[in-house]
Amino acid sequence: QVQLVESGGGLVQAGDSLRLSCAASGRAYAMGWFRQAPGKEREFVSGINWSDNTYYTDSVKGRFTISRDNAKNTVYLQMNSLKPDDTAVYYCAAKISFGLLFPTTASTYDYWGQGTQVTVSS
């Protein structure tokens, strides 16, 4: 029922910034950003829940910021101080049902966007 469309990816140099956007057709209890690099598993990056609590994987803490604009049904991921290891396809995901712990596994999410490529050169 929820359609997600990511945008904002691109090719940047190490140390640069990008802001990813995820436009949703409906509201969700939790929104998350995942990324997947070639030959690697899909990993949780950041998330935000219904009460606007935010969560980050350790590798992006202090560099990435997730936020939500409820009026636009849009979630953003501000990525600063990008590193080559951040290179991946970034996916927006939505979880419709709630849980006591924030979901960080991909199988927990109900809907996914098409992905947007982020490439960080050295």
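Residues numbered from 1 in each chain as written. Predicted model: local features only at pLDDT ≥ 70, side-chain atom pairs only at ≥ 80, totals over all residues. Heavy atoms only, no water.

Draft legend 1. Quick look at unusual backbone geometry. The phi dihedral of aspartate 52 falls on the positive side, at around 70°, and the residue is not glycine. Counting through the fold element by element, aspartate 52 comes out in the loop between β5 (43–49) and β6 (54–56). Looking at aspartate 52, the relative accessible area reads 43%, which means it is partly exposed. With a phi close to 50°, asparagine 73 is a non-glycine residue in the positive phi region. Turning to its location among the elements, asparagine 73 is positioned in the loop between β7 (64–69) and β8 (74–79). Here asparagine 73 falls in the partly exposed class, since its relative accessible area comes to 25%. (Helix = DSSP H or I, 4+ residues; strand = E, 2+ residues; numbered from the N terminus. Buried < 20%, exposed > 50% of the residue type's maximum accessible area, 1.4 Å probe, protein only.)

Draft legend 2. Seen up close, the state of the cysteines. Across all of its chains, the model carries one disulfide by this definition. One disulfide in the model links cysteine 22 with cysteine 92; its S-S distance is 2.0 Å. Linking cysteine 22 and cysteine 92, the disulfide has an S-S dihedral of approximately -80° and is accordingly described as left-handed. Of this pair, cysteine 22 sits in strand β3 (residues 18–24) while cysteine 92 sits in strand β9 (residues 88–95), and the two are 70 residues apart along the sequence. (Disulfide = S-S within 2.5 Å.)

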